[in-house]
Amino acid sequence: MTIYEQMLSEHKNEKGVASPKASHEVMQQIVLAGLYRGGFFDHAAFYGGTCLRIFHALPRFSEDLYFSLIEKRDDIHLENYFEAIIKEFKMAGLDVDIVKKEKKIFGRVESAFLKENTEAYEIKFQTKRTVKIKIEMDTDPPLQFATEQKLLMQPYSFMVRCFTLPDLYAGKMHALVYRAWQRRIKGRDWYDFEWYVRNNIKLDFNHLRERVKEFSGNDIDRETFMAALRERLSTGNMDMVKEDVLGFIDNPHELDIWSNDYFLQLADRIKFV
């Protein structure tokens, strides 16, 4: 049994069947292991929904891997670590391809929120179907964030440098409030917002402010942010919000309470660092 098969077996149910998302989640961990072995986390940190799921038990599936350099520099690129990623997959029993993802083929929501200096690639392997995950790294990141070392024990024990929870929260609120919706609302942002409030996580406004400044050039204060948040929460089409989330959670009844008023009340419960 390969390392990949062994890791996949841990996701099987009582009938011995792994969920369709299990391959995706095993691949994510192997990517992180390869990046660690290549020294990537000396220079970069993990953030986003997948970070929240892997290290903080967010109860929804998350597809992609997002990284940020911990300082502004132009000599660290994802390509530098492809060899380490490919080697890690080979040790796990898989051959993978890494393909650059052009901005023009991103979905509408993605491309509207993708900086020009973001590097994006897809890692793919073939079983009965093509399994792929996207990895992104901001090479000119907004700063003012803190990191911590978090332990993973598969495919071996290693540490991943991650944004702290208050700064993960800041990144999520930036996406929720300032992401361009166009025709699709990313309801997963709303789901994660609910999770942060329910778990009494404090929001790092300094990092949020820095993110807004980097992306739009605007310097906001808390009152401006809260007004923009309430505007978004009060006007979001709740049917569209729920529709986006349903494919990423096991229990759709989690969303029964969701309404614009519910989320406005969650906003009243935000705590800042």
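Our structure's up above, just so we're on the same page.
On a predicted model such as this, the values are computed, not experimentally measured, just so you know.

Caption draft 1: Layout of the pattern of salt bridges. Within this structure, the stated rule accounts for 18 salt bridges. The partner of K72 in a salt bridge is E214, with the nearest N and O atoms 3.0 Å apart. Within this pair, whereas K72 is found in the loop between β2 (65-69) and α4 (82-92), its partner E214 is found in helix α8 (residues 205-216), the two being separated by 142 residues in sequence. Under the relative-accessibility criterion, K72 is labelled partly exposed at 39%.

Caption draft 2: Structural context of helix α6 (residues 165-178). Given a rise of 1.5 Å per residue, 14 residues ought to cover 20 Å, and the 20 Å separating the end C-alpha atoms of α6 matches this to within 8%. Across the 14 residues that make up α6, a large majority, 12, are buried. Residues of α6 that are buried include every one of L165, D167, L168, Y169, A170, G171, K172, M173, H174, A175, L176 and V177, and no others.

Caption draft 3: Molecular detail of the packing of helix α7 (residues 187-198) against helix α11 (residues 260-267). At a closest axis distance of 10 Å, the pairing of α7 and α11 adopts a crossing angle of 45°. It follows from the interaxial angle that α7 and α11 lie oblique. Crossing of α7 over α11 shows left-handed handedness. Here W190, F193, E194, V197 and R198 of α7 come into contact with α11, specifically with Y262, F263, L266 and A267. Of the residues belonging to the contact of α7 with α11, the class tally is 7 nonpolar, no polar and 2 charged.

Caption draft 4: A look at the environment of E79. With respect to the helices and strands, the residue E79 is situated in the loop between β2 and α4. For E79, a relative accessible area of 38% puts it in the partly exposed group. Remark: the alpha-carbon pair of E79 and R209, spanning 130 residues in sequence, is separated by 30 Å. When near neighbours in sequence (up to four residues on either side) are disregarded, E79 contacts E119 and Y121.

Caption draft 5: Representation of the nonpolar core in the model. Ranked by internal contacts, the top residues of the largest apolar core, which has 85 residues, are F46, F67, I123, F193, F225, L229 and W258. It is helix α2 (residues 22-37) that provides the largest number of residues to this core, a total of 8 residues. Once residues within four sequence positions are removed from consideration, L229 is found in contact with M173, L176, V177, A267 and I270.

Caption draft 6: Looking closely at helix α9 (residues 222-235). Compared with an ideal rise of 1.5 Å per residue, which puts 14 residues at 20 Å, α9 spans 20 Å between its outermost C-alpha atoms and is within 8% of the ideal. All of the buried residues in α9 are F225, M226, L229, R232 and L233. Across the axial projection of α9, the buried residues extend over an arc of 125°, all falling on one side. Buried-residue contacts for α9 involve α6, α7, β8 (202-203), α8, α11 and β9 (271-272).

Caption draft 7: Geometry of the side chain of D244. With respect to the helices and strands, D244 occurs in helix α10 (residues 238-246). Of the polar contacts made by the side chain of D244, one reaches the side chain of R188; its length is 3.0 Å. Residues within four places of D244 in sequence aside, it is in contact with R184, I185, K186, G187 and R188.

Caption draft 8: Structural context of a nonpolar patch on the surface. There is a patch of nonpolar side chains on the surface, built from Y36, L151, M153 and M159 and spanning about 390 Å² of accessible area. In this structure, Y36 sits in helix α2. The partly exposed category is assigned to Y36, whose relative accessible area is 37%.

Caption draft 9: Looking closely at the pairing of strand β6 (residues 147-152). Judged from the 6 bridges that link them, β6 and strand β7 (residues 158-163) form a sheet pairing that is antiparallel. Paired with T147 across the strands is F163, a residue of β7. Linkage of β6 to β7, two consecutive antiparallel strands, is achieved through a turn of 5 residues.

Caption draft 10: Representation of the packing of α6 against α8 in the model. Between α6 and α8, the least distance of the axes is 8 Å, while the angle of their chain directions is 45°. When the axis of α6 is compared with that of α8, the two are oblique. With respect to the hand of their crossing, α6 and α8 are arranged in right-handed fashion. Contacts from D167, A170, G171, M173, H174 and Y178 in α6 reach H207, L208, R211, V212 and F215 in α8. Grouping the constituent residues of the contact of α6 with α8 by class yields 6 nonpolar, 3 polar and 2 charged.

The rules behind these values
Residues numbered from 1 in each chain as written. Predicted model: local features only at pLDDT ≥ 70, side-chain atom pairs only at ≥ 80, totals over all residues. Heavy atoms only, no water. Salt bridge = Lys/Arg side-chain N within 4 Å of Asp/Glu carboxyl O. Helix = DSSP H or I, 4+ residues; strand = E, 2+ residues; numbered from the N terminus. Buried < 20%, exposed > 50% of the residue type's maximum accessible area, 1.4 Å probe, protein only. Expected span 1.5 Å × (residues − 1). Axes fitted to C-alpha atoms, helices over the stretch in contact; angles between N-to-C directions. Parallel < 35°, antiparallel > 145°, perpendicular 65-115°, else oblique. Left-handed = near helix turned anticlockwise from the far one by under 90°. Contact = heavy atoms within 4.5 Å. Nonpolar A, V, L, I, M, F, W, Y, C, P; charged D, E, K, R; others polar. Core = buried A, V, L, I, M, F, W, Y, C linked by side-chain atoms within 4.5 Å. Arc of directions from axis to C-beta. Polar contact = N/O pair within 3.5 Å; in protein donor to acceptor, adjacent residues only side chain to side chain. Patch = residues over 30% accessible without salt bridge, like charges linked within 9 Å, V, L, I, M, F, W, Y side chains within 5 Å. Areas by Shrake-Rupley, 256 points an atom, 1.4 Å probe, with all protein chains shown as cover. Pairing = 2+ DSSP bridges.

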